[in-house]
Amino acid sequence: MSSQLMVSLVIPVYNEEENLLLLIERINPVMQNMNRPYEIILVDDGSNDNSLSILKSLTVWPEVKVIALVRNYGQHAAILSGFSIVKGDIIITLDADLQNPPEEIPRLVAKMEEGGYDVVGTIRKQRQDSMFRKTASKLINMVTRKITKVGMTDWGCMLRAYRRPVVERMIVCHEHSTFIPALATYFGKHITEIEVSHDERSGGISNYPLRKLINLQFDLVSSFSDLPLKALLYGGIGMAVGGICFGVILAIARLLYGAHWAAEGIFTLFAILFIFIGLQFFAFGILGEYIGRIYREVRKRPEYVIDKVYASDISGNDQSDKPGIYFSPKSYRDAM
Ligand code: UDP
Ligand code: MG
């Protein structure tokens, strides 16, 4: 092996039993051809299919480490747990469903090293997702550019590279409901992006139904900006001014056209009232989301709990298979 920087891959896995063998088959030659030290950290995010046992069997490869989380904490929390044990200097995240081709990894590493970048983001060429997902993404990317004030094109692609210090700064944040590509922009000075190809999901189905997708986008916006709250404030002021103007107009019309006219306008008033009530509920919803997130932070529960770490080269690996043996990220690191 050369004295080149070590690369750590961090891959969150949730019910991906159909993709894992193919994933490792595609990753291994790519990493071996790079001729530098590497590790592959696969995080089982509380899968309820066969993913964990397949992952455990992959630890025959000395480069593979498997983190089993206690339950499903979400993609970004799973990635953070992977970050907590990385040993590499360049950390690359990617999805387990092969939508991010592993063959692109060397390009990310090359870009990072050539330009001395802290973060290398990616733009999906010919993105293989539904029209709805692509359109929603465009809108979200626009909002994210505004709130992070970083001009990245595509925030949703998880095939990204980070320098070790950026990852270390991210894990000490202990943020719940976070969005890693945006969080990284707070901790990396030199940021760039390259185009990468994008494939259809290899097997299984997306883990993001509409509800989870909306939640994730709200995580992105709410953890980096109080823009929705400000929008509420200004919207509220606008509505109040509009209401006053409307009242004045009604009063003038009442004077000009008489009481009869005013009584007939009652249904219009109802209609307008309903719009305002609707907006109020919308406002409560946004407030509720923020309060929920604050609540989660003040409860101070960990953002993820590692059940076990499996690896072939950890001292007493066979023990890690027994129930109850727990390697904290720190003791795991010490054991290496
Ligand atoms: N994932 C996860 N926990 C979750 C949901 C997803 O670890 O609660 C992983 C999933 O296994 C995959 C990646 O996050 O590796 C992206 O998920 P998916 O492909 O389902 O999302 P999509 O591509 O449809 O946005
Ligand atoms: Mg996917």
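Anything mentioned here points back to the structure above.
Residues numbered from 1 in each chain as written. Chains lettered and ligands numbered in written order. Predicted model: local features only at pLDDT ≥ 70, side-chain atom pairs only at ≥ 80, totals over all residues. Heavy atoms only, no water.

**Side note on the pattern of salt bridges**
By the definition in use, this model includes 11 salt bridges. Here Lys 65 and Glu 39 are joined by a salt bridge, their closest N and O atoms 2.9 Å apart. Of this pair, Lys 65 sits in strand β3 (residues 64-69) while Glu 39 sits in strand β2 (residues 38-44); the two residues are 26 residues apart in sequence, bridging distant segments of the chain. Note on accessibility: Lys 65 and Glu 39 belong to one class, buried. We note a salt bridge from Arg 164 to Glu 168, for which the minimum N-O separation is 2.8 Å. On the criterion of helical spacing, the pair formed by Arg 164 and Glu 168 is a turn pair, its members being 4 residues apart in helix α6 (residues 164-171). (Salt bridge = Lys/Arg side-chain N within 4 Å of Asp/Glu carboxyl O. Helix = DSSP H or I, 4+ residues; strand = E, 2+ residues; numbered from the N terminus. Buried < 20%, exposed > 50% of the residue type's maximum accessible area, 1.4 Å probe, protein only.)

**What about the site of ligand 1?**
Neighbouring ligand 1 are 18 residues, the closest being Glu 16, Asp 45, Arg 133, Ser 206 and Asn 207. Between ligand 1 and the protein, one listed contact pairs an oxygen atom with a backbone N or O atom of Tyr 14 at 2.9 Å. Here Ser 206 contributes a side-chain N or O atom positioned 2.5 Å from an oxygen atom of ligand 1. Contact with the protein chains hides 95% of the accessible area of ligand 1, taken as 530 Å² for the molecule alone. (Near = heavy atom within 4 Å. Polar contact = N/O pair within 3.5 Å; in protein donor to acceptor, adjacent residues only side chain to side chain. Areas by Shrake-Rupley, 256 points an atom, 1.4 Å probe, with all protein chains shown as cover.)

**Topic: the coordination of the magnesium ion (ligand 2)**
Coordination sphere of the magnesium ion (ligand 2), protein contribution only: Asp 97 (OD) and Gln 99 (OE1), at 2.0 to 2.1 Å. Among the residues examined, Asp 97 registers a relative accessible area of 3% and is labelled buried. (Donors = N, O, S within 2.8 Å, 3.2 Å for Na, K, Ca; no water.)

**What about the side chain of Thr 59?**
Mapped onto the elements, Thr 59 comes out in the loop between α2 (51-57) and β3. Sequence-distant contacts of Thr 59, that is, excluding residues within four places in its chain, are made with Val 64, Val 66, Tyr 310, Ala 311 and Ser 312. (Contact = heavy atoms within 4.5 Å.)

**Structural notes on the packing of aromatic side chains**
Aromatic ring pairs are defined here through the distance separating the ring centres and the angle between the ring planes. The tally for this structure, following the rule as stated, stands at 3 aromatic pairs. Centre to centre, the rings of Phe 83 and Tyr 162 are 6.1 Å apart; their planes meet at 75°, and the pair counts as edge-to-face. Of this pair, Phe 83 sits in helix α3 (residues 75-83) while Tyr 162 sits in strand β6 (residues 160-163), and the two are 79 residues apart along the sequence. Each member of the pair Phe 83 and Tyr 162 is classed as buried. Where Phe 281 meets Phe 284, the ring centres are 6.2 Å apart and the plane angle is 85°; that geometry is what we call edge-to-face. Taken together, the residues span about one helical turn, with Phe 281 and Phe 284 both in helix α11 (residues 266-299) at a distance of 3 residues. Summarising the burial analysis for this pair, Phe 281 and Phe 284 share the class exposed. Across from the ring centre of Tyr 73, 5.1 Å away, lies the NZ or CZ of Arg 71, which sits over that ring. Seen from the ring of Tyr 208, Lys 212 lies directly overhead, with NZ or CZ sitting 5.6 Å from the centre. (Phe/Tyr/Trp six-rings, centres within 6.5 Å; stacked < 30°, edge-to-face > 60°. Lys NZ or Arg CZ within 6 Å of the ring centre and 35° of its normal.)

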